[in-house]
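Chain by chain, the residues:
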Amino acid sequence: MIRSAHVDTFARDHLPAPEARPEFHFDLPELQFPERLNCASELLDRHVIEGRGSRRCVSAPGGPSWTYAELQQKADAIAHVLVAECGLVPGNRVLLRSANKPMLVACWFAVVKAGGIAVGTMPMLRAKELGQIVERGHVTIALCDAALGGELAAAAAAQPRLARIVHFAVGHGAAATDGLEARMARHAGQPFANVDTAADDTCLFAFTSGTTGQPKATMHFHRDVIASCLCFPPHVLRAAPDDVFIGSPPLAFTFGLGGLTVFPMHIGASTVLLEKAGPPDLLEAIAAHRATVCFTAPTSYRAMAAGARERKLGMRDGGTLRKCVAAGEALPAATRALWKEATGIEIIDGIGATEMFHIFIAADEAHARPGATGVAVPGYRARVVDEDGNDVPVGTIGRLAVQGPTGCRYLSDPRQADYVKGGWNYTGDAYLQDADGYFFYQSRTDDMIISAGYNIAALEVEDVLLRHEAVAECAVVGAADEERGQIVKAFVVLRSGHSADEAMVKELQDFVKATVAPYKYPRAVEFREALPRTETGKLQRFRLRQ
Ligand code: 3UK
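Here is what the cut-offs are and how they apply
Here the residue index of a chain counts from 1 through its sequence in written order. Since the coordinates come from a predicted model, pLDDT governs what is reported: local features require at least 70, and pairs of side-chain atoms require 80 or more to be given and counted, while whole-chain, interface and lining totals use all residues. Where side-chain values are given, they derive from all heavy atoms of the structure, hydrogens and water being excluded. Here the term cavity refers to a set of points on a 1 Å grid, laid over the protein atoms alone, in which a 1.4 Å probe fits but cannot get out; the term pocket refers to an open set having protein on both sides within 12 Å along at least five of seven lines, with lining residues being those that place an atom within 4 Å of a point. Grid points are joined across faces, edges and corners, and a volume is the space filled by probe spheres set on the points. Under this grouping Gly is polar, as are all residues other than the nonpolar Ala, Val, Leu, Ile, Met, Phe, Trp, Tyr, Cys and Pro and the charged Asp, Glu, Lys and Arg. Planes of paired rings set the category: under 30 degrees apart is stacked, over 60 is edge-to-face and the rest tilted, where pairs are Phe, Tyr or Trp rings (Trp by its six-membered ring) whose centres lie within 6.5 Å. For the purposes of this entry, the term helix denotes a DSSP run of H or I that reaches at least four residues, the term strand denotes a run of E that reaches at least two, and both are numbered from the N terminus. Partly exposed describes any residue whose relative accessible area lies between the buried limit of under 20% and the exposed limit of over 50%, with all areas from a 1.4 Å probe on protein chains only and scaled to the type maximum. Charge over a ring is defined by NZ of Lys or CZ of Arg lying within 6 Å of the ring centre and within 35 degrees of the ring normal. Here a residue counts as near a molecule or strand whenever at least one of its heavy atoms sits within 4 Å of it. The definition of a polar contact used here is a pair of N or O atoms within 3.5 Å, where within protein one atom must be able to donate a hydrogen and the other to accept one, and adjacent residues in sequence count solely through side-chain atom pairs. The accessible surface values rely on the Shrake-Rupley method and a 1.4 Å probe; as for residues, cover is taken only from the protein chains in view.

Student: Hey, could you run me through the layout of surface pockets in this one?
Tutor: In this approach the atoms are scanned with a rolling probe the size of a water molecule, which exposes any empty space left behind. Counted as a void, the second largest pocket has a volume near 770 Å³. Lining the second largest pocket are 34 residues; nearest its centre among them are Ser248, Ala277, Gly278, Pro279 and Ser300. Classifying every residue of the lining of the second largest pocket by side-chain character gives 16 nonpolar, 10 polar and 8 charged.

Student: Teacher, can you tell me more about the packing of aromatic side chains here?
Tutor: Here the distance between the centres and the angle between the planes together describe a pair of aromatic rings. Under the definition given, this model contains 11 aromatic pairs. When the ring of Phe360 is compared with that of Tyr380, the centres are 6.3 Å apart and the planes differ by 50°; the resulting orientation is tilted. Residue Phe360 is located in strand S14 (residues 359–362), and its partner Tyr380 is located in the loop between strand S15 (375–376) and strand S16 (381–385); the two are separated by 20 residues in the primary sequence. For the ring pair Tyr410 and Tyr419, a centre distance of 6.0 Å and an interplane angle of 80° mean the geometry is edge-to-face. Here Tyr410 and Tyr419 have matching classes, each one buried. An aromatic cluster of at least three residues, connected via ring pairs, comprises Phe245, Phe253, Phe255 and Phe295. A cation sits over an aromatic face here: Arg223 above Phe24, 5.8 Å from the ring centre.

Student: Honestly, the environment of Glu310 in this entry has me stumped. Any pointers?
Tutor: By the element assignment, Glu310 lies in helix H12 (residues 298–310). The exposure class assigned to Glu310 is exposed, which follows from its relative accessible area of 68%. Along the primary structure Glu310 and Gly131 are separated by 179 residues, whereas in three dimensions their C-alpha atoms are 45 Å apart.

Student: Looking at this structure, how should I read the site of the ligand?
Tutor: Taken together, 23 residues surround the ligand, and among them Thr254, Asp349, Gly350, Thr354 and Asp429 come closest. Lys538 is positioned with one of its side-chain polar atoms (N or O) 2.9 Å from an oxygen atom of the ligand. Look at the ligand: alone it shows 600 Å² of surface, and the protein chains cover 95% of it. For the shell around the ligand, the secondary structure elements donating two or more residues are helix H10 (254–266), strand S13 (348–352), strand S19 (424–433) and strand S20 (439–444). Residue contributions to the shell around the ligand peak at 4 residues, all from S13.

What follows is the structure, encoded as structure tokens:
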């Protein structure tokens, strides 16, 4: 066994048992890793050593703009604070609490450099959820934006384990002398020697965004982070060092950590972090920062389309934007078409998962097919299988199973056995594969609607509804029905200027019947002001079903 650098062995002690782990594959020649690897050295220090220290690395509107060398200095100073003042030893968990901003990136690197385990948390979480994370992850130290200190303080009051909280962006006054920046100043200019971690030492816990309730902690190694950088980014995204990345997912979500920090930094590119990244903010920031690569959710592209056209954001129209990645939920063909019209850009759809760290099935611009997610990303393999794990015939709906250089490791959780079976990772998605090998998303395995014996994919009905001019957003679920078992029920958010009345219900039902097989039409339509979403932008269908 490889010698771990972890003095605190909590993570290693709570890995899934060997027989419960997925199989890992390192077939690509570039996926051969040395025994010792600290991913911060690869992503940050390497650029400074190789003479790229003066390149722009991370910036924020109205906030700082740091080069690689500057980020390294900040991260090194924070690493010294963690070790010398907070008593961190390798393997300790450090909770990070902040909106997306450069200081959060510096804190993440500090933890990883020091051999700690970074535990990202979504800014919207409250004391109760933060407490669960502290408890499950045995978290002892936190670095927290002062603006978000209240809920964490409340969590800490109930969790004596969390003994050290250091705040940043405290502002002036007495409290500031205790703040992270004042502490960093005491270590300014002292390089930090990264802890010589094993490639299979855990460097982060990512909590699943949980559309169903109880969060699970996934564990990722230093090696996993770099492996992810070597699959989707070079083979599908193909961004370049001059690209400027931007987007909306929180860095506590691996979609955001990859797309907005780890991927750009792996190639020496730069990233723009937004504290607020709703569609209007993101549009504005793309223009202001001349961003070229965007990572956000399908709904966000839909909401930005009109504005993107007006502002001429696409390269076709003289703007800078050239690559757009959508993930987190299925990309409706209607949204792909709308964005292409508005910007000239073919969206790169990709399915990823917290358990897998990042995207494992995708298609680049040249290979995109409406309605399909894509094919297995080089480095990964994917199959559609039945209940027993056998391949189903082409064109048949089944369960998606994947393997690659990354995979699911829940921190001591019996649900490991639900996600990993026979060495394969089961994402919980129903897919079909066509004769060309393309994977078509159908639904979560638990939200296929079965109505009077018909299998109806919610996504297909949503895609039709989204093509109606009155529909801003929609969600389709199965509602219990005595006669049919389930009926198709649509929750619809109308665009302004349309009235939520019986005539509209009829119009939308007729519209669906006229576009797809009539048995798929929503027998129930309910109008809403907004749809329930997680902080990662994922629709909470279970809340609509209740
Ligand atoms: C769904 C998609 C259809 C799917 C994620 C990119 O979403 C991410 O991670 P989560 O753990 O959720 C995983 C689940 O979300 N999903 C994600 N992308 C797609 N469904 N088409 C897609 N393109 O149900 C999957 O099992 O929150 C996405 C990168 C990193 C991530 N963590």
